[in-house]
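The residues making up each chain are set out below.
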Amino acid sequence: MAKDTIKASDFRVAFRDVDMNGQMFRSVYIDRAEEAVAAFWRRRKTRDDDPFFITGKVAGTFHVPLAVGDIVHTHVGVSKIGGKSAGFLVRMTRGEEAVAEVEIVWVATDGKGGSPVALPEDLRDWLYSFLD
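Residues numbered from 1 in each chain as written. Predicted model: local features only at pLDDT ≥ 70, side-chain atom pairs only at ≥ 80, totals over all residues. Heavy atoms only, no water.

**Student:** Go over the side chain of Arg124, please, and point to the residues and values.
**Tutor:** Note that Arg124 resides in helix H2 (residues 121-128). Assessed through its relative accessible area of 16%, Arg124 is described here as buried. Within the structure, Arg124 has its side chain in polar contact with the backbone oxygen of Gly82 (distance 2.6 Å). Setting aside anything within four residues of it in sequence, one finds Arg124 in contact with Ile81, Gly82, Gly83 and Leu119. (Helix = DSSP H or I, 4+ residues; strand = E, 2+ residues; numbered from the N terminus. Buried < 20%, exposed > 50% of the residue type's maximum accessible area, 1.4 Å probe, protein only. Polar contact = N/O pair within 3.5 Å; in protein donor to acceptor, adjacent residues only side chain to side chain. Contact = heavy atoms within 4.5 Å.)

This is the structure we're talking about:
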(Lines give C-alpha, C1' and ligand atoms only; values in the text may rest on other atoms or scores of the structure.)
Protein backbone atom coordinates (compact mmCIF):
# COMPACT_ATOMS: atom_id res chain seq x y z
CA MET A 1 0.00 0.00 0.00
CA ALA A 2 1.32 3.48 -0.88
CA LYS A 3 2.13 5.88 1.90
CA ASP A 4 0.17 9.10 2.25
CA THR A 5 1.41 12.11 0.40
CA ILE A 6 1.67 15.50 1.99
CA LYS A 7 -0.81 18.13 0.88
CA ALA A 8 1.76 20.84 0.38
CA SER A 9 -0.30 23.74 -0.85
CA ASP A 10 -3.12 25.09 -2.90
CA PHE A 11 -2.75 27.84 -5.46
CA ARG A 12 -4.95 29.81 -7.80
CA VAL A 13 -3.74 30.25 -11.37
CA ALA A 14 -2.92 33.92 -11.88
CA PHE A 15 -3.35 35.89 -15.09
CA ARG A 16 0.43 36.43 -15.34
CA ASP A 17 0.89 32.63 -15.47
CA VAL A 18 -1.11 31.96 -18.66
CA ASP A 19 -0.26 32.21 -22.34
CA MET A 20 -2.25 33.91 -25.09
CA ASN A 21 -4.47 30.82 -25.34
CA GLY A 22 -5.41 31.08 -21.66
CA GLN A 23 -3.41 28.01 -20.59
CA MET A 24 -0.92 27.97 -17.74
CA PHE A 25 2.70 28.03 -18.91
CA ARG A 26 4.48 24.67 -18.46
CA SER A 27 7.27 26.42 -16.56
CA VAL A 28 4.77 27.48 -13.89
CA TYR A 29 3.90 23.83 -13.21
CA ILE A 30 7.58 23.30 -12.42
CA ASP A 31 7.77 26.45 -10.27
CA ARG A 32 4.75 25.34 -8.28
CA ALA A 33 6.11 21.81 -7.94
CA GLU A 34 9.41 23.16 -6.59
CA GLU A 35 7.49 25.30 -4.09
CA ALA A 36 5.54 22.22 -2.98
CA VAL A 37 8.74 20.19 -2.49
CA ALA A 38 10.26 23.06 -0.48
CA ALA A 39 7.15 23.14 1.74
CA PHE A 40 7.37 19.36 2.14
CA TRP A 41 11.04 19.62 3.08
CA ARG A 42 10.32 22.22 5.79
CA ARG A 43 8.54 19.46 7.74
CA ARG A 44 11.97 18.12 8.67
CA LYS A 45 14.29 19.91 11.07
CA THR A 46 17.67 20.71 9.51
CA ARG A 47 20.63 18.73 10.85
CA ASP A 48 24.33 19.49 10.82
CA ASP A 49 25.18 16.50 8.62
CA ASP A 50 22.55 17.31 5.98
CA PRO A 51 24.03 17.47 2.48
CA PHE A 52 23.57 20.38 0.09
CA PHE A 53 21.03 19.44 -2.59
CA ILE A 54 21.02 20.38 -6.24
CA THR A 55 18.31 19.59 -8.76
CA GLY A 56 19.41 16.72 -10.98
CA LYS A 57 16.24 16.12 -12.97
CA VAL A 58 12.80 17.57 -13.58
CA ALA A 59 10.17 15.75 -15.64
CA GLY A 60 6.50 16.49 -16.13
CA THR A 61 3.39 14.79 -17.40
CA PHE A 62 0.50 17.09 -18.27
CA HIS A 63 -3.07 15.79 -18.48
CA VAL A 64 -5.33 18.83 -18.83
CA PRO A 65 -4.51 22.52 -19.17
CA LEU A 66 -5.14 24.96 -16.34
CA ALA A 67 -6.71 28.38 -16.83
CA VAL A 68 -6.91 31.68 -14.93
CA GLY A 69 -8.73 31.26 -11.64
CA ASP A 70 -8.40 27.46 -11.39
CA ILE A 71 -7.63 26.29 -7.87
CA VAL A 72 -4.98 23.59 -7.84
CA HIS A 73 -4.04 21.25 -5.00
CA THR A 74 -0.50 19.87 -4.78
CA HIS A 75 0.42 16.63 -3.04
CA VAL A 76 4.05 15.58 -2.54
CA GLY A 77 5.38 12.06 -2.09
CA VAL A 78 8.80 10.50 -2.33
CA SER A 79 9.08 8.60 -5.62
CA LYS A 80 12.55 7.11 -5.15
CA ILE A 81 15.47 7.03 -2.76
CA GLY A 82 18.93 6.34 -4.12
CA GLY A 83 22.28 6.21 -2.43
CA LYS A 84 22.98 9.85 -3.29
CA SER A 85 19.64 11.19 -4.48
CA ALA A 86 15.96 11.44 -3.68
CA GLY A 87 13.03 11.84 -6.05
CA PHE A 88 9.81 13.68 -5.26
CA LEU A 89 6.55 13.27 -7.14
CA VAL A 90 4.26 16.28 -7.06
CA ARG A 91 0.69 15.46 -8.09
CA MET A 92 -1.52 18.37 -9.08
CA THR A 93 -5.29 18.10 -9.02
CA ARG A 94 -8.20 20.41 -9.73
CA GLY A 95 -10.94 19.06 -7.53
CA GLU A 96 -10.84 15.30 -8.18
CA GLU A 97 -9.33 15.71 -11.66
CA ALA A 98 -5.65 14.85 -12.21
CA VAL A 99 -3.96 17.81 -13.88
CA ALA A 100 -0.24 17.00 -13.89
CA GLU A 101 2.60 15.15 -12.20
CA VAL A 102 6.05 16.65 -11.86
CA GLU A 103 8.99 14.56 -10.69
CA ILE A 104 11.95 16.40 -9.19
CA VAL A 105 15.15 14.53 -8.32
CA TRP A 106 17.52 16.10 -5.83
CA VAL A 107 21.16 15.04 -5.72
CA ALA A 108 23.04 15.24 -2.40
CA THR A 109 26.38 17.05 -2.68
CA ASP A 110 29.15 18.20 -0.37
CA GLY A 111 28.18 21.84 -0.96
CA LYS A 112 31.74 22.86 -1.80
CA GLY A 113 32.77 21.40 -5.13
CA GLY A 114 29.41 19.86 -5.90
CA SER A 115 30.64 16.29 -5.54
CA PRO A 116 27.84 13.79 -4.89
CA VAL A 117 27.71 12.36 -1.36
CA ALA A 118 25.70 9.60 0.30
CA LEU A 119 22.39 10.43 1.95
CA PRO A 120 22.69 10.20 5.76
CA GLU A 121 20.84 7.20 7.25
CA ASP A 122 18.48 9.34 9.38
CA LEU A 123 17.51 11.32 6.29
CA ARG A 124 16.91 8.13 4.30
CA ASP A 125 14.72 6.79 7.13
CA TRP A 126 12.66 10.00 7.15
CA LEU A 127 12.24 9.89 3.37
CA TYR A 128 11.16 6.22 3.46
CA SER A 129 8.14 7.21 5.57
CA PHE A 130 6.80 9.09 2.50
CA LEU A 131 7.81 6.63 -0.23
CA ASP A 132 4.96 6.01 -2.69
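Further notes follow.
**Student:** Lay out helix H1 (residues 26-41) with the relevant residues and their values.
**Tutor:** Between its first and last C-alpha atoms H1 spans 23 Å; for 16 residues at 1.5 Å apiece the expected length is 22 Å, and the two agree. Along H1, the residues classified as buried are Val28, Tyr29, Arg32, Ala33, Ala36, Val37, Phe40 and Trp41. (Expected span 1.5 Å × (residues − 1).)

**Student:** Explain the pattern of salt bridges to me, using residue names and the numbers behind them.
**Tutor:** Across all of its chains, the model carries 10 salt bridges by this definition. The salt bridge partner of Arg32 is Glu35, with a shortest N-O separation of 3.4 Å. Linking Arg32 with Glu35, this pair stays in helix H1, spanning 3 residues, or about one helical turn. On the basis of relative accessible area, Arg32 is assigned to the buried category, the value being 17%. Connected through shared salt-bridge partners, Arg44, Arg47, Asp50 and Asp122 make up one network. (Salt bridge = Lys/Arg side-chain N within 4 Å of Asp/Glu carboxyl O.)

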